[in-house]
Amino acid sequence: MEPGESDGAAVEREVLEETGLHVTVGVWVGTVIRDGPAGSSYDIRDYAAALAGPASPVAGDDADEVRWVSRAELARLDLVELLWETLAGWGMLPR
């Protein structure tokens, strides 16, 4: 987040920067605290979002690839530790 930026504004900006998608931010679905460098931590707040424009994602400059996947495809990907379990616990996995 940028100084003074709301969660919703940060989500909209980051999704646009990383995927080229415009979204409308919805309800907060959960928070995860992850270890960062030099004893720091990341406070990751996840929100539901709806597309507010064309649905053709484009990878940002720090991503190799971006694409829509099914639940089965997601299960086969090399995910960050506890991502699947966390999303499942929040009821946020694709059906």
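Residues numbered from 1 in each chain as written. Predicted model: local features only at pLDDT ≥ 70, side-chain atom pairs only at ≥ 80, totals over all residues. Heavy atoms only, no water.

What about the overall build of the protein?
For step 1, the next point in the chain: The number of helices and strands found in the protein is three helices and two strands.
For step 2, the next point in the chain: Reading the secondary structure of the protein in the N-to-C direction produces α-β-β-α-α.
For step 3, the next point in the chain: Across its three principal axes, the protein shows a C-alpha extent of roughly 35 × 30 × 30 Å.
For step 4, the next point in the chain: Expressed as a percentage of the 95 residues in the protein, the buried residues total 14%.
For step 5, the next point in the chain: Partitioning the contacts of the protein with sequence separation of at least 6, the portion at a separation of at least 24 is 41%.
For step 6, the next point in the chain: Taken as a whole, the protein presents about 6,900 Å² of accessible surface, with 54% of it coming from carbon and sulfur.
For step 7, the next point in the chain: Averaging the positions of the 7 positive and the 18 negative side-chain charges in the protein gives two centres separated by 9 Å. (Helix = DSSP H or I, 4+ residues; strand = E, 2+ residues; numbered from the N terminus. Buried < 20%, exposed > 50% of the residue type's maximum accessible area, 1.4 Å probe, protein only. Contact = heavy atoms within 4.5 Å. Areas by Shrake-Rupley, 256 points an atom, 1.4 Å probe, with all protein chains shown as cover. Lys, Arg positive; Asp, Glu negative; His and termini not counted. Charge placed at Lys NZ, Arg CZ, Asp CG, Glu CD.)

Looking at the pairing of strand β1 (residues 23–35)
For step 1, the next point in the chain: Bridging between β1 and strand β2 (residues 41–51) involves ten bridges; their strand directions are antiparallel. From the neighbouring strand, Asp35 faces β2, where its bridge partner is Ser41. (Pairing = 2+ DSSP bridges.)

Some remarks on unusual backbone geometry
Leave glycine aside and you will find that most residues have negative phi; peptide bonds, for their part, are mostly trans.
For step 1, the next point in the chain: Positioned with a positive phi, Ala38 is a non-glycine residue whose angle comes to about 55°.
For step 2, the next point in the chain: Tracing the backbone shows Ala38 in the loop between β1 and β2.
For step 3, the next point in the chain: Under the relative-accessibility criterion, Ala38 is labelled exposed at 87%.
For step 4, the next point in the chain: Positioned with a positive phi, Leu82 is a non-glycine residue whose angle comes to about 70°.

Some points on the pattern of salt bridges
For step 1, the next point in the chain: Enumeration over the complete set of coordinates arrives at seven salt bridges.
For step 2, the next point in the chain: For Glu5, the salt bridge goes to Arg13, with nearest N and O atoms at 2.8 Å.
For step 3, the next point in the chain: Arg45 serves as the salt-bridge partner of Asp7, at 2.7 Å between the closest nitrogen and oxygen. In this pair, Asp7 is assigned in helix α1 (residues 7–19) and Arg45 in strand β2, connecting sequence segments 38 residues apart. (Salt bridge = Lys/Arg side-chain N within 4 Å of Asp/Glu carboxyl O.)

Topic: α1
For step 1, the next point in the chain: The terminal C-alpha atoms of α1 lie 18 Å apart, and with 13 residues this matches the ideal 18 Å at 1.5 Å per residue to within 8%.
For step 2, the next point in the chain: Taken as a whole, α1 has its buried residues at Asp7, Ala10, Val11 and Thr19. Looking straight down α1, one finds that the buried residues subtend no more than 120° of arc, so they occupy a single side.
For step 3, the next point in the chain: The inward-facing, buried residues of α1 abut β1 and β2. (Expected span 1.5 Å × (residues − 1). Arc of directions from axis to C-beta.)

Considerations on the side chain of Asp7
For step 1, the next point in the chain: Exposure remark for Asp7: the relative accessible area of 17% places this residue in the buried category.
For step 2, the next point in the chain: Residue contacts for Asp7: discarding those within four places in its chain leaves Met1, Arg45 and Tyr47.

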